[in-house]
Structures are given as C-alpha cells and as structure tokens.
Amino acid sequence: MDEAVVRRLVEHVGARPGPVHGRNGKIHLRQRLRGYNRAAHLSPWVVLVDLNHDAECAPPLQLSWLPNPAPYMCFRVAVREVEAWLLSDRDHLARFISIPVAQVPLNPEAVDDPKHTMVELARISRRREIREDMVPRPGSGRMVGPAYTSRLVEFVLGGATGWRPEVAARSSDSLDRCLRCLRRLVKGSK
Amino acid sequence: MRETGSRALRFTSIHLENWRNFALVEVDLQRRVFLVGPNASGKSNFLDVFRFLHDIVSVGGGFQEAVRRRGGVSSLRCLAARRYSDLVVRVGIGGEEDLSAWEYELRFTQDKRQRPVIKKEQVSRQGSELLSRPIDQDQRDPERLTQTYLEQVNVNQDFREVADFFASVRYLHIVPQLVREPDRSVGRRDDPFGGDFLEQLVRTAEKTRNAWLRRIRDALRVAVPQLNELELWRDVRGTPHLRGKYEHWRPQGAWQTEERFSDGTLRLMGLLWASLAGSGPLLLEEPELSLHPDVVRFIPQMFARIQRRSSRQILISTHSTDLLRDDGIGLDEVLLLEPGTEGTSMQPASSYAEIRELLQGGLNLAEAVIPRTRPQRAEQLTLFGD
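Residues numbered from 1 in each chain as written. Chains lettered and ligands numbered in written order. Predicted model: local features only at pLDDT ≥ 70, side-chain atom pairs only at ≥ 80, totals over all residues. Heavy atoms only, no water.

Trainee: What exactly am I supposed to notice about the overall build of chain B here?
Mentor: The secondary structure content of chain B amounts to 15 helices and 15 strands. Per-residue burial over chain B gives 56% buried out of 386 residues. Only carbon and sulfur atoms are counted for the fraction: they give 46% of the accessible area of chain B, which is about 17900 Å². (Helix = DSSP H or I, 4+ residues; strand = E, 2+ residues; numbered from the N terminus. Buried < 20%, exposed > 50% of the residue type's maximum accessible area, 1.4 Å probe, protein only. Areas by Shrake-Rupley, 256 points an atom, 1.4 Å probe, with all protein chains shown as cover.)

Trainee: Sorry, what's going on with the packing of helix 8 (residues 206-220) of chain B against helix 9 (residues 263-276) of chain B here?
Mentor: Two measures define how a pair of helices packs: the angle their axes make with one another and the distance between the axes. Residues and elements named next belong to chain B. Between helix 8 and helix 9, the shortest axis-to-axis distance is 10 Å and the interhelical angle comes to 125°. With respect to each other, helix 8 and helix 9 are oriented oblique. Remark: the crossing between helix 8 and helix 9 carries right-handed chirality. For the pair helix 8 and helix 9, the contacting residues are Arg209, Trp212, Leu213, Arg215, Ile216 and Leu220 in the first and Leu268, Met269, Leu272, Trp273 and Leu276 in the second. In terms of residue class, the contact of helix 8 with helix 9 is made up of 9 nonpolar, no polar and 2 charged. (Axes fitted to C-alpha atoms, helices over the stretch in contact; angles between N-to-C directions. Parallel < 35°, antiparallel > 145°, perpendicular 65-115°, else oblique. Left-handed = near helix turned anticlockwise from the far one by under 90°. Contact = heavy atoms within 4.5 Å. Nonpolar A, V, L, I, M, F, W, Y, C, P; charged D, E, K, R; others polar.)

Trainee: Can you help me understand the sheet that holds strand 2 (residues 22-28) of chain B in this one?
Mentor: Two strands in a sheet stick together by hydrogen bonds in their backbones, pointing the same way (parallel) or opposite ways (antiparallel). All names here are of chain B. Within the open sheet, the 6 strands sit side by side as 2-1-4-5-6-7. Their pairing is antiparallel. Since the sheet does not close on itself, it has two edges, and those belong to strand 2 and strand 7 (128-133), each with one partner. Averaged over neighbouring strand pairs, the angle between their axes works out to 10° when direction is ignored. Sheet topology note: the strand 1 (residues 10-19)/strand 4 (residues 87-94) ladder contains 7 bridges and is antiparallel. Counterpart to Arg10 in the pairing with strand 4 is Gly94. The sheet contacts of helix 1 (residues 43-57) involve strand 1, strand 2, strand 4 and strand 5 (102-110), and relative to strand 1 the element is tilted by about 105°. (Pairing = 2+ DSSP bridges.)

Trainee: In this structure, what is going on with the interface of chain B and chain A? I would like to understand it.
Mentor: It is common to give the size of an interface as the accessible area lost on bringing the parts into contact. The interface is formed by 24 residues belonging to chain B together with 23 residues belonging to chain A. Surface buried jointly by chain B and chain A totals about 2000 Å² across both partners, of which 42% is contributed by carbon and sulfur atoms. Connecting chain B to chain A are 5 salt bridges. The residue Asp327 of chain B makes a salt bridge to Arg142 of chain A at a minimum N-O spacing of 3.7 Å. Inspection of the region where chain B meets chain A yields 10 residue pairs in polar contact (both at pLDDT 80 or more). The element contributing the most residues to the side of chain B that touches chain A is helix 11 (residues 299-310) of chain B, with 4 residues. (Buried area = accessible area lost by both parts, 1.4 Å probe. Salt bridge = Lys/Arg side-chain N within 4 Å of Asp/Glu carboxyl O. Polar contact = N/O pair within 3.5 Å; in protein donor to acceptor, adjacent residues only side chain to side chain.)

Trainee: When you look at the pairing of strand 14 (residues 334-340) of chain B in this model, what are you seeing that I'm missing?
Mentor: Consecutive side chains along a regular strand alternate between the two faces of the sheet. Residue and element names in this part refer to chain B. As defined by bridge partners, strand 3 (residues 32-36) adjoins strand 14 across 3 bridges and the pair is classed as parallel. Bridge assignment links Phe34 to a residue of strand 14, and that residue is Val334. By the bridge criterion, 6 bridges tie strand 14 to strand 15 (residues 343-348) in an arrangement that is antiparallel. Looking at strand 15, one finds that Pro339 is bridged to Thr344. Counted along the chain from strand 14 to the antiparallel partner strand 15, the turn is 2 residues long.

Trainee: How should the environment of Gln226 of chain B be read in this particular structure?
Mentor: Residue and element names in this part refer to chain B. Summarising the element assignment, Gln226 is placed in the loop between helix 8 and strand 9 (227-234). A relative accessible area of 38% means that Gln226 is categorised as partly exposed. Excluding its chain neighbours within four sequence positions, the residues that come into contact with Gln226 are Lys245, Tyr246 and Glu247.

Trainee: Quick question: what am I supposed to make of the pattern of salt bridges here?
Mentor: Where charged atoms of side chains with opposite charge meet at close range, the side chains can pair. Residue and element names in this part refer to chain B. What the rule picks out here adds up to 40 salt bridges over all chains. Arg107 serves as the salt-bridge partner of Asp86, at 3.4 Å between the closest nitrogen and oxygen. One end of the pair, Asp86, is in the loop between helix 3 (73-76) and strand 4; the other, Arg107, is in strand 5, with 21 residues separating them in the sequence. Its relative accessible area of 13% is what places Asp86 among the buried residues. A relative accessible area of 23% places Arg107 in the partly exposed class.

Trainee: Which parts of the structure should I look at to understand unusual backbone geometry?
Mentor: For residues besides glycine, phi is generally negative; the peptide bonds are generally trans as well. Residue and element names in this part refer to chain B. Residue Pro134 is reached from Arg133 by a cis peptide bond, and omega for that bond is 5°. Within the secondary structure, Pro134 sits in the loop between strand 7 and helix 4 (136-140). The phi angle at Arg20 is positive, at roughly 45°, despite the residue not being glycine. Relative to the assigned elements, Arg20 resides in the loop between strand 1 and strand 2. If you check the backbone angles, Gln114 has positive phi at about 60° while not being a glycine. Tracing the backbone shows Gln114 in the loop between strand 5 and strand 6 (116-125). Judged by relative accessible area, which is 57%, Gln114 ranks as exposed.

Trainee: Any chance you could explain the sheet that holds strand 11 (residues 254-257) of chain B here in plain terms?
Mentor: Residues and elements named next belong to chain B. Pairing is antiparallel in the open sheet, where 3 strands are placed in the order 9-10-11. Of all strands in the sheet, those with a lone pairing partner are strand 9 and strand 11, marking the two edges. When strand polarity is set aside, the average angle formed by the axes of neighbouring strands in this sheet is 25°. Bridge analysis of strand 10 (residues 240-246) against strand 11 gives 4 bridges, and the strand direction is antiparallel. In the sheet register, Gly244 faces strand 11, and the bridge partner there is Gln256. The strands touched by helix 8 within the sheet are strand 9 and strand 10, with strand 9 carrying the most contacts at an inclination of about 145°.

Trainee: In this structure, what is going on with the state of the cysteines? I would like to understand it.
Mentor: By definition, a disulfide links the sulfur atoms of two cysteines through a covalent bond. All names here are of chain A. Taken as a whole and judged by the stated rule, the model has 1 disulfide over all chains. Here Cys74 engages in a disulfide with Cys181; their sulfurs sit 2.5 Å apart. In this pair, Cys74 sits in strand 2 (residues 73-78) while Cys181 sits in helix 10 (residues 173-189), placing the two residues 107 residues apart along the sequence. Taking the relative accessible area as the measure of exposure, Cys74 reaches 0% and is therefore buried. Residue Cys181 is classed as buried on the basis of its relative accessible area of 6%. Here Cys178 is not cross-linked by a disulfide; its sulfur's nearest cysteine counterpart is in Cys74, at 5.1 Å. (Disulfide = S-S within 2.5 Å.)

Okay, structure coming up:
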C-alpha cells in the first residue's frame, strides 16, 4: 500500500513513477540506502520510511540514516504509518468506507496507532463488504482483515472519489513536507 | 448472477488416519486454507483427500474406482501405519451460521483379494445419526460393503446434500499452454488443467461473463493497476480470445490478447475465474507458479475479494514466501505440514504460541512460518552449490 501511496504522490506532482525498490522493511531499506542515494545523483529518488513506534523522531532519524542526501534525493519519514496520511482526507475516506465523517479523527498525525484506527473505522462501516474485507475475523490472530490492503489501494488510486493528497496535506504536516519535497525534485530535474 | 452468500457449504474440519503421509490429522478448516510445507510433505496428498470424496460420488466414479485410481488400499495407507490398520476420513461440513451441519465418516481397509471394503460409514446431521454402517444387511451380504451408501442414489436421499457437496469439489492446476492451445484438450469439461477455460468463457451468458470479468479485473488491479478492461473478444475467424486493455502512455491504451499475457497472468485469471464459476470447494495447486513476486504477494488479497462474493471455499497449496507475506492471512487459515518419523503432522499456525510472538515482534508471516517448513536436511543440498 505504501507503494500505491508513493506512486499516487509522484503522479500528483506531475511526474511519472519509475521502478519501486524495497518493500522488505526498514532494516532492509537502511542497508540499501547508500545505493539509493548514489543513484539519486542521476535521477530523482523518493525514499519513504514510516516511523511506527520507534523512539526516534523524524529529523534525527533522517540525519543518522542519511547525513549527505544526494541532490535528487527526497527522503521522507511518515510519522506513524502511511494510514495517517489516508485518514487526513477525512471526507473522502469517510465516504469510501461508508461512515459518518465525524468519526474520522481531526488530527490523524497525532493518532497513536493509525492502522488500528483505520480498522476500527471500517468496523462501523455501513457496508458489509468493507467490514469483511478490512476487519480481521475473530480467531485470525491478525491486525487487519483479508483484503485490507487492496481496499486501501483502491482508495489511494480511486481517482475523483479517492484519496486527495492536496486535501490530506492540509491536516498532515509530514505529508505536506513530502509533497513540497517532491515538487522541488520535479522542478529541479526538468 | 448467483449471490449464494453465506449459504454455501464448506468443509469445516477434517480427521484423517493412516492416509498416505498422514498417520493422524485433525484440523479445522476455514473458508480460505493455505497449505504450507516442504516438498513431498504431502500437500498434494492432502488435497487429494477431497478429490477422493469427489470421485466417490462422481459419474463413472464410486468407492471402488476412487481407490483403484489411487493404486489401491496398500498404496493409500500411510507407511507409518501398521500393516492392517484402517484408513479413516471424517469431514465436518457446514456454512457460516451452522459450522457443523453435517458429518461424514468413512473407514475402510482391504479384504483378502485386496479389494477395498468398508468397515464403517456414518452420516450425521446436526449431531444426530442418519446412517451407521455396517447394518444387519451388510453383515448378511458382505458384498454390500464394497460400495458406499453415499454413491447410491436409491439409498442416499436423506443425505443427498452431502453427496452433492462432494460432487461440487473442484481441483485446478492450470497449465497455460493448454489455455493457449485448447485443441489439445478438445471436448473436456471441467478440465483441471485449464484446457477449457476459454470455452467456459464463451459458454457463460454474456451478462454474467462481463460481471465476472469485471470482478477479476478489480481483484487483479491491486497488483496490476494499469489493467483497465478485460473482455472476451472474437478475432476475424470468430475464434474467442480473452483480452485486456492496459492504460498506456498513448491515450487510447493498448489491448493485449491471451497470447501476449504471461503464463502466470493467464493462469491466475483462470484460477480467479474458477473461483467465481462454482460454489463447491476449490483446490488450487501453487497459484504462484510463473508469476512475478510482486503479483504473488497480492494473490491472497485477490482471492479474499473474489471469495467474499462467491463464498466458495478455497484450499491452496503453496511454496511461496511472497504469498505468505500478506498481513491479511489469518493464522488459523495457514496449515503447516511438518514431516516426521511418524508421518507428516499438520497444525494451524495459530496453534504455535511462538509464531504469534514472532508476528508481534514485527516479523511477517512468511518469516515466522517458512523456516519450520524447510526440509530437515536442507543444508545437505548446498553441497551442490548455491
């Protein structure tokens, strides 16, 4: 899903997404960051890490992971999980999962566990298929339902009724900074 | 269009004794089941139990034929079993509201002429017994014990639903070459190797077909977001093709027929179609074959979405770590096969406290589960290079 979000953001700023690397977790990514950074001397790169519940906060993490970012490197840290960015387009998210908009938290960036929040919102959905896809069955032992990811991907890539990065950025500082960074890259590489 | 919803029956539990690799197995079965184990641990043998039940009730089948096709009692019987032990298959059948609507048990061995003979056949409905053989007549005429009641329409009225349910089991191991060149399997219906896939598309009423293709497209789009349309199309000679339209840098997009689809994509479409085109349990062997890892990791999501609509039970055997990385797979949906000296044992991943801890600590399901399924002496294989 993180991948769908990155693609959507890149397209949003008017660029065309290239190949997607990683997706094997933070440690894996950190080991390869030097390589990505070298490649970012040649073409624009976006690296997205989510902070989850690590003690570090975003700026020091960036400093320790990537002290010398390359000119075309956009290194972004989502504060918790990328779900927080999706929660930030409250109106469309509420419509997508069929719940009253008042149920969506006003300040998603401050939500402690956005993934859990997303699942709990889906639980009160008026549509059975949303509940069945996104909420885990009792006994499954998992955090999310069987088609949770694919539902959110559908939201992210949903066009006119889907997720709107520019709206979400108004209530998510980290997303706002990510978009600005991407715009700089696009401008710089033209 | 069929919206069977929660009414569709499925296997809810299975108990096996002395069946091929399995000395003893007793597990619950969810609507989606992932069988994970090393090569030769018995994944296919496990799926074969359901095909066996299907063969008992199918046309041209029957108990004798079903055993004969599998090489007789002696080749079905677990090597770890004592020589004359009985083979036992007991299944629970139910729906979402009523998990134990039916139970069917068959216990058999072979006689001196190596013919399979029934030691016990039992059917119960909601816990009350409808049939329990051998009955008096069986004792008087042992020949009767060479046939199940299940396969005989004149005696199975009371539990015909069970027979029909077994008959609805379908096995698929699609071979893309057969889909591309259907001549090789002309006239076959319900071909497990996919030879009749395109023909099935043609036979399905247009409205239903289009609705199903839309659902397949929706399911596939998680992995292939560029896929905009999927349709049946006839070339100038009238030959049917499946074709997909991809969003492209050209504004009109580009059409591709099945000849241009990769083997893996074509296979996956066949599997998704099959999961819509029926209501009985579907047995799938390694749906990940010849697919890119980036598509494989979405397979569970695709089936989850298709399945919610069709409510068909799906049992999948897999080797793929990519497939098991999906966060939406329930621990009770994963059955682990671990070979041992007493045959292969089988447990749901949810029964291992350790696996739960590993997941809590941030590992994905594949990382937690796959090391358990490596063959014990896999390190010896490395002698032959890495």
